[in-house]
Amino acid sequence: MNMSLSKYIIHLQQLGRLGFTQKEARDELGFSVDYIKVSANRLINKKMLFMPKKGFYVIIPTPDQVRGFIDPIYYIDNLMKFLNSNYYIGLLSAAQRYGAAHQQPQALQIISERQIQPVTKPGAHIRFYKKLHFPDSKYIQPMKTDTGYVNISSPELTAFDLIRYPHASGQIHNITTVLIELEESIKVSNFKSFLQAAHDHAAIQRLGYLFDFLGIEKLSRICHDWILKHDTNPVPLVPNKEYDFSQLITPWKIYVNEEVEPDL
């Protein structure tokens, strides 16, 4: 392909692509890596390109070149392919897509199979949370964007992850508020099926307690039925916070070591 890097990115845009790798540009244009780097840096300075991760470039459409970046939602799928990791948009970022995050997350929250360092560049704040037991694909849904599709957690998986990663979810008060807003999107049959494959007993106990506390009986009952069939140990509602034995609440086996106060 006989063209400069600047013409190459115009060509990619015509194909509907907004992302490419350093290797792709080298192989398709026939230039050296050093030439690609120098040319890319020049286009980055002109705000025509953006590099969220070393070796991966994002094309900035003309209307966005004043800002010099685009929303990560438009290139996250290509970025995760480049990073060679399964992923899905999760936590508050997923809840927001279901109309259930009254506080907009400061970064796009991604659950991944690999440990990945965050992207903290202007206009590109992406946080990655490694998941040891990656969920079945049936609990991860495709979501259409202007540039293609991205993976997003189902409402059921979103609820589970919120309690599984409290440090990323705004802690217990915010989690409780989001669960109230998320309730309408959670299907009872899907939630029951999801729990059968869940590995974290403590998360199910905490989730069941919160649903019970909120009076969401249809979901708390499913958690309760699950607990009756599994061996569980008492755990604190808020991890890494002191508690005493008088705070134990049955049947959830939860030490309620913080008063729950939803923001709604």
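A short tour of the structure in this document, coming up.

Reading the values: the criteria
Residues numbered from 1 in each chain as written. Predicted model: local features only at pLDDT ≥ 70, side-chain atom pairs only at ≥ 80, totals over all residues. Heavy atoms only, no water. Helix = DSSP H or I, 4+ residues; strand = E, 2+ residues; numbered from the N terminus. Buried < 20%, exposed > 50% of the residue type's maximum accessible area, 1.4 Å probe, protein only. Contact = heavy atoms within 4.5 Å. Polar contact = N/O pair within 3.5 Å; in protein donor to acceptor, adjacent residues only side chain to side chain. Pairing = 2+ DSSP bridges. Axes fitted to C-alpha atoms, helices over the stretch in contact; angles between N-to-C directions. Parallel < 35°, antiparallel > 145°, perpendicular 65-115°, else oblique. Phe/Tyr/Trp six-rings, centres within 6.5 Å; stacked < 30°, edge-to-face > 60°. Lys NZ or Arg CZ within 6 Å of the ring centre and 35° of its normal.

Let's shift gears to the overall build of the protein. Looking only at helices and strands, the protein features 10 helices and 12 strands. Here the C-alpha coordinates of the protein stretch approximately 70 × 30 × 30 Å along the principal axes. Counting all 264 residues of the protein, 48% fall into the buried class. Within the protein, contacts between residues at least 6 apart in sequence are counted, and of these 58% link residues at least 24 apart.

Its place among the elements puts Tyr 57 in strand E3 (residues 56–59). For Tyr 57, a relative accessible area of 2% puts it in the buried group. Here the alpha-carbon distance between Tyr 57 and Ala 40, two residues 17 residues apart in the chain, equals 8.3 Å. Residue contacts for Tyr 57: discarding those within four places in its chain leaves Leu 18, Gly 19, Phe 20, Gln 22, Lys 37, Ala 40, Ile 44, Leu 49, Phe 50 and Met 51. A polar contact of 3.3 Å, which involves the side chain of Tyr 57, links it to the side chain of Gln 22.

Pairing within the open sheet is mixed, and its 3 strands lie in the order E10-E12-E11. With one partner strand each, in any of the chains shown, strand E10 (235–236) and strand E11 (248–249) form the two edges of the open sheet. Judged from the 2 bridges that link them, E10 and strand E12 (residues 254–255) form a sheet pairing that is parallel. Bridge pairing links Pro 236 to Tyr 255 in E12.

Looking now at unusual backbone geometry. With an omega dihedral of 5°, the bond running from Thr 250 to Pro 251 counts as a cis peptide bond. Along the chain, Pro 251 turns up in the loop between E11 and E12. The phi torsion at Leu 91 lies on the positive side, around 55°, for a residue other than glycine. The backbone phi angle of Lys 253 is positive, close to 55°, even though this residue is not glycine. The topology assignment puts Lys 253 in the loop between E11 and E12.

With that settled, consider the packing of helix H6 (residues 155–164) against helix H7 (residues 171–182). The contact between H6 and H7 brings their axes to 10 Å, and the two run at 170°. Here H7 runs roughly antiparallel to H6, going by the angle between their axes. Counting all contacts with H6, which are made through Pro 155, Thr 158, Ala 159, Leu 162 and Ile 163, the residues of H7 involved are Ile 172, Ile 175, Val 178, Leu 179 and Leu 182.

Taken in spatial order, the 3 strands of this open sheet run E1-E3-E2, and their pairing is antiparallel. Bordering the open sheet on either side are strand E1 (19–21) and strand E2 (49–53), each of which pairs with just one other strand. Direction aside, neighbouring strands of the sheet carry axes that sit 30° apart on average. Alignment of E1 against E3, held across 3 bridges, turns out to be antiparallel.

Below, the discussion takes up the side chain of Thr 176. As for its placement among the helices and strands, Thr 176 is situated in helix H7. In contact with Thr 176, not counting residues within four places along its chain, are Leu 210, Leu 214, Val 260 and Pro 262.

Before going further, it helps to examine the packing of aromatic side chains. Inspection of the entire model under this criterion finds 12 aromatic pairs. Ring geometry for Tyr 139 versus Phe 194: centroids 5.2 Å apart, planes at 85°, classification edge-to-face. Taken together, the positions of Tyr 139 in the loop between strand E7 (124–130) and strand E8 (140–145) and Phe 194 in helix H8 (residues 188–196) put the pair 55 residues apart, joining distant regions of the chain. Residue classification places Tyr 139 among the buried residues on the basis of a relative accessible area of 7%. For Phe 194, a relative accessible area of 5% corresponds to the buried category. Taken together, the ring pairs in this structure connect Tyr 8, Phe 20 and Tyr 57 into an aromatic cluster. For the cation-ring pair, Lys 144 lies above Tyr 149, with the distance from its terminal atom to the ring centre recorded as 6.0 Å. Sitting above the plane of the Tyr 165 ring, Arg 164 keeps its charged end 5.5 Å from the centroid.

What follows is about the environment of Pro 52. Within the secondary structure layout, Pro 52 lies in strand E2. A residue is classified by how much of its surface remains accessible, and Pro 52, at 4% relative accessible area, is buried. Between the C-alpha atom of Pro 52 and that of Pro 122, which follows or precedes it by 70 residues, the distance is 9.7 Å. Those residues in contact with Pro 52 that lie beyond four places of it in its chain are Val 58, Tyr 75, Val 119 and Lys 121.

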